[in-house]
Amino acid sequence: MAEAQRIGRVVAAHGRHFIVALDDGTTRHCFPRGKKSGASVGDHVRISLQGSGEGAIDEILERRNLLYRSDQMRSKQFAANIDLIAIVVAVEPSFSEELVSRALVAAETADIDTLVLLNKVDLADGLAAARERLEIFRKLGVRVLEVCAVDAEATRGILLPELRSRTTLLLGQSGMGKSTLLNALVPDAQAATRDYSTALDAGRHTTTSTRLYALPEADAALIDSPGFQSFGLLHLSPGDIERGFPEFSGPKAHCRFYNCSHRNEPGCGVLAALSQGDIAAQRHALYLKLLDENASQARY
Ligand SMILES: Nc1nc2c(ncn2[C@@H]2O[C@H](COP(=O)(O)OP(=O)(O)OP(=O)(O)O)[C@@H](O)[C@H]2O)c(=O)[nH]1
Ligand SMILES: [Zn+2]
């Protein structure tokens, strides 16, 4: 007799173990059918139901996008089908502009919307300086919303409309208040994490495992990837990297050479815009750094 098949979404993954949430709100502990799995948190999958709450993953449905995180010098796929990347920064401690920019490049090249959340706006002393540091991103057209995550009700009021009907990846360096924000949005996040970890037998990996949380009140999903350091961008081609900097697209129309790399070519429109201050120096420097990182990778 044929096994019953269902469509579900991967909400947690550990090695060859997956937790798949079904439409009826139940979850199944699933294993990939073949040798290789390839599924990531956020993937929509077709599974065959098996006895005692288990299932086999038969197929990964077509993805809208797939993101990689860089782990100990390797790029590892970790989240799929993302609509929005919310980058959490804070008035204090200081955040890295480079990490924000790298996230924007990852989002731009994967066709994902972005939002910067400036948290801890109750800390009045550093607020003006933090806003000033975000100006460069505002100028690029990135939306910046201000929140105070310790005020859960107000935070929900500001963010739920933004998250509605979308899958959002929450990112933030340590100390920015990402856990506080997650708990404000998903009050039972900690309990869910514990349950998943027990089911996956992955107790000691809870701190680095990617998880998807449902937000039924907004018909939305939130993905948290604890311990996330930086996006893996090594799979990007030079053309992808260039696309990751949307502010280059106007000026590059003026480049003398059609295959200009905007490094040191004569008649380069991007370098001209840079020297006129229309392109921020730190953005162009990051562009060159990404090109170099990818070129050195390609030699091995
Ligand atoms: N004043 C203020 N403090 C906050 C706010 N949100 C979070 N914090 C504090 O900032 C500190 C870090 O918050 P966490 O939520 O643990 O930060 P995190 O980004 O998850 O950091 P890691 O756990 O290191 O990844 C905690 O002491 C929080 O209480 C806020 O809106 N205002
Ligand atoms: Zn150029």
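Residues numbered from 1 in each chain as written. Chains lettered and ligands numbered in written order. Predicted model: local features only at pLDDT ≥ 70, side-chain atom pairs only at ≥ 80, totals over all residues.

Engineer: Which residues make up helix α4 (residues 178-185), and what are the values?
Structural biologist: What α4 keeps buried is the set Lys178, Leu181, Leu182, Ala184 and Leu185. Viewed end-on, α4 has its buried residues packed into an arc of 160°, placing them on one side of the element. (Buried ≥ 20, exposed ≤ 12 C-beta atoms within 10 Å, placed from the backbone. Helix = DSSP H or I, 4+ residues; strand = E, 2+ residues; numbered from the N terminus. Arc of directions from axis to C-beta.)

Engineer: Explain the environment of Glu98 to me, using residue names and the numbers behind them.
Structural biologist: Residue placement: Glu98 occurs in helix α1 (residues 97-109). In the structure, Glu98 is positioned 59 residues away from Ala39 in sequence and 29 Å away in space, judged by C-alpha atoms.

Engineer: Can you explain the domain arrangement of the chain? Please cite residues and give values.
Structural biologist: Each assigned domain of the chain is listed with its residue range as follows: domain 1 (5-60), domain 2 (66-224) and domain 3 (238-298). Computed from C-alpha atoms alone, the centre-to-centre distance between domain 1 and domain 3 is 42 Å. (Domains from an automatic or database assignment.)

Engineer: Describe the packing of helix α3 (residues 152-163) against α4, and please don't skip the residues or the numbers.
Structural biologist: Orientation of α3 relative to α4, taken along the N-to-C sense of each, is 80°, at an axis distance of 9 Å. Considering their axes alone, α3 and α4 lie roughly perpendicular with respect to each other. Counting all contacts with α3, which are made through Ala152, Thr155, Arg156 and Leu159, the residues of α4 involved are Leu181, Ala184 and Leu185. Residue classes in the contact of α3 with α4 are distributed as five nonpolar, one polar and one charged. (Axes fitted to C-alpha atoms, helices over the stretch in contact; angles between N-to-C directions. Parallel < 35°, antiparallel > 145°, perpendicular 65-115°, else oblique. Contact = placed C-beta atoms within 7 Å. Nonpolar A, V, L, I, M, F, W, Y, C, P; charged D, E, K, R; others polar.)

Engineer: Tell me about the pairing of strand β8 (residues 84-90), and please be specific about residues and values.
Structural biologist: Of all seven residues in β8, six are buried, a share of seventy percent or more. Both β8 and strand β9 (residues 113-119) contribute to a ladder of seven bridges, which runs parallel. Its bridge partner being in β9, Ala90 is matched across the sheet by Asn119. Regarding the hand of the β-α-β motif, the stretch spanning β8, α1 and β9 is right-handed. Taken together, the five bridges between β8 and strand β11 (residues 167-172) define a ladder with parallel strand orientation. Pairing of Leu84 across the sheet is with Thr168, part of β11. (Pairing = 2+ DSSP bridges. Right-handed = clockwise from strand over helix to strand, strands pointing away.)

Engineer: Go over the UniProt feature "binding site: Zn(2+)" (unreviewed entry) in the chain with me, naming the residues and quoting the values.
Structural biologist: Here the UniProt feature "binding site: Zn(2+)" (unreviewed entry) sits at Cys255, Cys260, His262 and Cys268. With near-sequence residues (within four places) excluded, Cys260 lies in contact with Cys255, Glu265 and Cys268. Mapped onto the elements of the fold, His262 is located in the loop between α6 (238-243) and α7 (269-275). By the C-beta count within 10 Å, which is 24 here, His262 ends up buried. Setting aside residues no more than four positions away along its own chain, His262 makes contact with Phe248, Lys252, Cys268, Val270 and Leu271. (UniProt positions renumbered as here; feature names shortened; annotations may be inferred.)

Engineer: So what's going on with the pairing of strand β5 (residues 54-60)? Residues and values would help.
Structural biologist: Regular strands show a simple pattern: their side chains alternate between the two faces of the sheet. Where strand β3 (residues 27-32) and β5 come together, four bridges link them in parallel fashion. Paired with Pro32 across the bridge in β5 is Ile57. Bridging between strand β4 (residues 44-50) and β5 involves six bridges; their strand directions are antiparallel. Paired with Val45 across the strands is Ile60, a residue of β5. Count of turn residues in the β4/β5 antiparallel hairpin: three residues, of which Ser52 carries a positive phi of about 45°.

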